[in-house]
Amino acid sequence: MTSLKLDEKFLCAYLPTTLDGNAGMWFKTLAPGRISNFAQLKYTFLTNFMQLQQYKGDTHTIIGCKEKEGETIKEYFKRFTKATLDTPGQDEAMVTGAFTWDLLQGELSKKFLRGTPQTRHKMKERVKKIHTTGRGNSRQTSKF
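Residues numbered from 1 in each chain as written. Predicted model: local features only at pLDDT ≥ 70, side-chain atom pairs only at ≥ 80, totals over all residues. Heavy atoms only, no water.

## Considerations on the overall build of the protein chain
Turning to step 1, where the next piece is worked out: Helix and strand counts for the protein chain come out as eight helices and zero strands.
Turning to step 2, where the next piece is worked out: Per-residue burial for the protein chain yields a buried fraction of 28% across its 144 residues.
Turning to step 3, where the next piece is worked out: Within the protein chain, residue pairs in contact and separated by at least 24 positions form 59% of the contacts whose partners lie at least 6 positions apart.
Turning to step 4, where the next piece is worked out: In the form shown here, the protein chain has an accessible surface area of approximately 10100 Å², with 58% of it arising from carbon and sulfur atoms. (Helix = DSSP H or I, 4+ residues; strand = E, 2+ residues; numbered from the N terminus. Buried < 20%, exposed > 50% of the residue type's maximum accessible area, 1.4 Å probe, protein only. Contact = heavy atoms within 4.5 Å. Areas by Shrake-Rupley, 256 points an atom, 1.4 Å probe, with all protein chains shown as cover.)

## Some words on the side chain of E67
Turning to step 1, where the next piece is worked out: You can see E67 is positioned in the loop between α4 (59-63) and α5 (73-85).
Turning to step 2, where the next piece is worked out: A polar contact of 2.8 Å, which involves the side chain of E67, links it to the backbone nitrogen of L104. (Polar contact = N/O pair within 3.5 Å; in protein donor to acceptor, adjacent residues only side chain to side chain.)

## Remarks on the confidence of the model for the protein chain
Any residue range with low pLDDT should be treated as having predicted coordinates unsuitable for detailed reading.
Turning to step 1, where the next piece is worked out: Considering every residue of the protein chain, the mean pLDDT works out to 77; 85% of them sit at 70 or more.
Turning to step 2, where the next piece is worked out: By mean pLDDT, the top-scoring element of the protein chain is α5 (86), and the lowest-scoring one is helix α1 (residues 2-18) (71).
Turning to step 3, where the next piece is worked out: Throughout residues 138-144 the model reports pLDDT below 50, and contacts reaching past four residues in sequence, or to other chains, amount to 21 contacts. (pLDDT = per-residue confidence, 0-100.)

## Topic: the packing of aromatic side chains
The geometry of an aromatic ring pair is captured by two quantities: the separation of the ring centres and the angle between the planes.
Turning to step 1, where the next piece is worked out: Scanning the entire structure with this criterion turns up seven aromatic pairs.
Turning to step 2, where the next piece is worked out: Their ring planes at 10° and their centres at 5.5 Å tell us that F10 and Y14 sit as a pair that is stacked. With F10 and Y14 both in helix α1 and four residues apart, this pair spans about one turn of that helix.
Turning to step 3, where the next piece is worked out: Judged by relative accessible area, which is 45%, Y14 ranks as partly exposed.
Turning to step 4, where the next piece is worked out: Here F80 and F99 contribute two aromatic rings whose centre-to-centre distance is 5.2 Å and whose plane-to-plane angle is 70°, an arrangement assigned as edge-to-face. With F80 in helix α5 and F99 in helix α6 (residues 92-101), this residue pair connects regions lying 19 residues apart in the sequence. (Phe/Tyr/Trp six-rings, centres within 6.5 Å; stacked < 30°, edge-to-face > 60°.)

## A look at the packing of α6 against helix α8 (residues 120-132)
Turning to step 1, where the next piece is worked out: Remark: α6 packs on α8, axes separated minimally by 9 Å, with the N-to-C direction vectors making an angle of 25°. Here α8 runs roughly parallel to α6, going by the angle between their axes. Between α6, through E92, V95, T96 and F99, and α8, the contact on the second element is made entirely by R120, M123 and V127.
Turning to step 2, where the next piece is worked out: Counted by class, the contact of α6 with α8 contains four nonpolar, one polar and two charged residues. (Axes fitted to C-alpha atoms, helices over the stretch in contact; angles between N-to-C directions. Parallel < 35°, antiparallel > 145°, perpendicular 65-115°, else oblique. Nonpolar A, V, L, I, M, F, W, Y, C, P; charged D, E, K, R; others polar.)

## Re helix α7 (residues 107-114)
Turning to step 1, where the next piece is worked out: Taken together, the buried positions of α7 are L108, S109 and F112. Taken end-on, α7 shows its buried residues confined to a sector of 95°, consistent with a single buried face.
Turning to step 2, where the next piece is worked out: Residues of α7 that are buried make contact with α5, α6 and α8. (Arc of directions from axis to C-beta.)

## Let's talk about the environment of P88
Turning to step 1, where the next piece is worked out: Position of P88 relative to the elements: it lies in the loop between α5 and α6.
Turning to step 2, where the next piece is worked out: For the pair P88 and G57, spaced 31 residues apart in sequence, the C-alpha to C-alpha distance is 7.6 Å.

## Digging into the nonpolar core
Turning to step 1, where the next piece is worked out: I73, Y76, F80, F99, F112, M123 and V127 are the most contacted members of the largest nonpolar core, which has 16 residues in total.
Turning to step 2, where the next piece is worked out: Considering every element that reaches this core, the biggest residue donor is α5, with five residues.
Turning to step 3, where the next piece is worked out: L19, A23, L41 and F49 belong to the second-largest nonpolar core, a separate cluster that totals seven residues. (Core = buried A, V, L, I, M, F, W, Y, C linked by side-chain atoms within 4.5 Å.)

Put into structure tokens, the structure is as follows:
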């Protein structure tokens with residue numbers, strides 16, 4: 001038990017030396033004697049800063065990223081790419097399929113549906129080609 005208490009004392013003494021910025025300021029505002037062990041310090045620290053953790057998306061984030069009315073293919077692709085970057089470990093086929101199916105109905109979606117790109121790279125090439133030919137600048141919302 002003695003070694004455990006020494007380790008705990010060390011952790012409590014060492015932690016403040018690693019903190020800077022907001023975390024360092026927070027630590028300095030703790031009332032003396034308020035924290036009695038490392039578990040309490042850890043809990044207090046995590047509950048104070050946990051809400052600052054950035055949200056990582058999931059499959060629903062990607063599937064829910066649909067093209068908006070009046071949005072160019074390039075704008076939609078940028079927004080979709082950001083959603084996929086915020087969502088780690090996704091399958092290529094799911095990502096390219098979601099992009100294709102979430103296009104508004106019209107000429108562009110018909111072109112994508114004829115042959116869904118199998119990789120993000122091929123999807124990017126197709127978007128770039130459509131955008132440079134001028135067909136991605138305005139939307140035609142025709143029904144299938």
